[in-house]
Amino acid sequence: MLNEKMNAALNEQVNAEMYSAYLYLSMQAYFQKLNLMGFVNWMNIQVQEEMAHARGLYDYIQERDGEIILDTIKKPDQTWNSPLEVFEAVLAHEQLVTSLINKLADVADETKDRAAGLFLQWYIKEQVEEEASVSGVLETLRMIKDDKHALLLLDKDLATRVFNPPVIG
Ligand code: OFO
């Protein structure tokens, strides 16, 4: 059984992951308008990953006989000035999520919930990968600047990303 504090914190993270999915869905629509289909693919996979992260936490709350408490998902931004600006926002968002996951792990420590602490290790490692993959795209976009040809090459590259459903826990 989950203690109240851990239960509330895990539910908040379900909401944060759902918001991440919502944000990336909004970014996907932005790239669709620019007809950059590789970026659309990248965001589409990101959305699926975030939904899987939310589902992993949801299932864990259920497994521990906790209570699911769903809250409002806040409205994401809908416009950006460039692909570079989008990826700067993605990196800032992932850094925020990393800090949320770390706080969640702090709650597990404070409440001496060893099982939750172990479960959250997966999310801690995942955030390292998330930030690294976003930083990679961001660095390329910084090099590209206004070079349309180079942007299309990156778009082709992002079209090759495939979704591998994460095995959480
Ligand atoms: Fe769920 O990792 Fe991004 O937000």
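Everything discussed here concerns the structure shown above.
Residue numbers here run from 1 along each chain, matching the order of that chain's written sequence. With pLDDT at 70 or above as the cut-off, local features in this predicted model cover only qualifying residues; side-chain atom pairs require 80 or more to be listed or tallied, and sums for whole chains, interfaces and linings still use all residues. Only hydrogens and water are set aside when side-chain values are computed; all heavy atoms of the structure are taken into account.

Caption draft 1: Up close: the overall build of the protein. Every helix listed is a DSSP run of H or I at least four residues long, and every strand listed is a run of E at least two residues long, numbered separately from the N terminus. For the protein, the helix and strand inventory stands at five helices and zero strands. Listing the helices and strands of the protein from first to last along the sequence gives α-α-α-α-α. Atoms counted for the radius of gyration: C-alpha only. Globule rule: 2.2 Å times the number of residues to the power 0.38. Its C-alpha atoms give the protein a radius of gyration of 17 Å, within 12% of the compact-globule value 15 Å for 169 residues. Principal axes of the C-alpha set define a box for the protein whose edges measure 55 × 25 × 25 Å. Exposure classes here rest on a 1.4 Å probe applied to the protein chains alone. A residue is buried below 20% of its type maximum, exposed above 50%, and partly exposed in between. Scored against the burial criterion, the 169 residues of the protein give a buried share of 46%. When contacts within the protein are restricted to residue pairs at least 6 apart in sequence, those whose partners lie at least 24 apart make up 83%. Surface summary for the protein: the accessible area is close to 9,500 Å², and the carbon and sulfur share equals 54%. The contact definition used throughout considers only heavy atoms, calling two residues in contact when any of these lie within 4.5 Å. Shrake-Rupley sampling with a 1.4 Å probe provides the accessible areas, and residues are treated as covered by the protein chains on show and by no other component.

Caption draft 2: Here's a closer look at the packing of aromatic side chains. Stacked, tilted and edge-to-face pairs are distinguished by plane angle, under 30 degrees for stacked and over 60 for edge-to-face with tilted covering the rest, among Phe, Tyr and Trp rings (Trp via its six-membered ring) whose centres lie within 6.5 Å. Scanning all chains against the criterion turns up nine aromatic pairs. Taking 5.0 Å as the distance between ring centres and 80 degrees as the angle between the ring planes, the aromatic pair formed by Trp122 and Tyr123 counts as edge-to-face. Under the relative-accessibility criterion, Trp122 is labelled buried at 16%. Looking at Tyr123, the relative accessible area reads 1%, which means it is buried. Ring-pair connections join several aromatic residues into one group, and the members of that group are Tyr30, Phe31, Phe39, Trp42, Trp80 and Phe87.

Caption draft 3: Geometry of the nonpolar core. By convention a nonpolar core is built from buried Ala, Val, Leu, Ile, Met, Phe, Trp, Tyr and Cys residues, the set being connected through side-chain atoms within 4.5 Å. Membership of the largest hydrophobic core comes to 27 residues, with the highest contact counts inside it found for Met27, Phe31, Phe39, Met43, Val86 and Phe87. Elements with a minimum of two residues in this core: α1 (4-34), α2 (37-63), α3 (83-110), α4 (114-144) and α5 (148-158). Per element, the largest residue contribution to this core is seven residues, and it comes from α1. Discounting chain neighbours no more than four positions away, the residues touching Met27 are Met43, Trp80, Val86, Ala89 and Val90. Formed by 19 residues, the second largest nonpolar core is a distinct cluster that contains Met6, Ala9, Ala54 and Ala108.

Caption draft 4: Summary view of α5. Within α5, burial applies to Ala150, Leu151, Leu154, Asp155 and Leu158. Summarising the axial view, the buried residues of α5 lie within an arc of 150 degrees, below the 170-degree limit, and thus occupy one face. Exposed and oriented more than 90 degrees from the buried face of α5 are His149, Leu152 and Lys156. Put simply, Asp147 is the residue that caps the front of α5, since its side-chain oxygen is 3.1 Å from the backbone nitrogen of His149. In this description, one arc is meant: the one made by directions from the helix axis to the C-beta atoms. A 3.5 Å cut-off defines polar contacts: any pair of N or O atoms within that distance qualifies, except that in protein one atom must be a possible hydrogen donor and the other a possible acceptor, and neighbouring residues in sequence count only when both atoms are side-chain atoms.

Caption draft 5: α2, seen in detail. By this rule, a helix spans an expected 1.5 Å times one less than how many residues it contains. For α2, spanning 27 residues, the distance from its first C-alpha to its last is 38 Å, which sits close to the expected 39 Å at 1.5 Å a residue. Immediately downstream of α2, the backbone of Asp65 shows phi near 60 degrees, a positive value.

Caption draft 6: Structural view of the packing of α1 against α3. The angle between two axes is taken between their N-to-C directions and runs from 0 to 180 degrees, where each axis is a line fitted to C-alpha atoms and a helix contributes only its stretch in contact. Where α1 meets α3, the closest approach of the two axes is 10 Å, and the angle between their N-to-C directions is 170 degrees. One way to sum up the angle between α1 and α3 is to call them roughly antiparallel. Under the convention adopted here, Pro, Cys and the residues Ala, Val, Leu, Ile, Met, Phe, Trp and Tyr are nonpolar, Asp, Glu, Lys and Arg are charged, and Gly plus all remaining residues are polar. Classifying every residue of the contact of α1 with α3 gives 22 nonpolar, three polar and four charged. For classification purposes, angles smaller than 35 degrees are called roughly parallel, those larger than 145 roughly antiparallel, those between 65 and 115 roughly perpendicular, and all remaining angles oblique.

Caption draft 7: Examining the packing of α4 against α5 more closely. Between α4 and α5, the shortest axis-to-axis distance is 9 Å and the interhelical angle comes to 160 degrees. As far as their axial angle goes, α5 and α4 are roughly antiparallel. Judged by the twist between their axes, the crossing of α4 over α5 is right-handed. From α4, Val137, Thr140, Leu141 and Ile144 reach across to α5, where they touch Ala150, Leu151, Leu154 and Leu158. Within the contact of α4 with α5, the residues separate by chemical class into seven nonpolar, one polar and no charged. Here is the rule for handedness: rotate from the far helix to the near one, and if that takes an anticlockwise turn smaller than a right angle the crossing is left-handed, while a clockwise turn gives right-handed.

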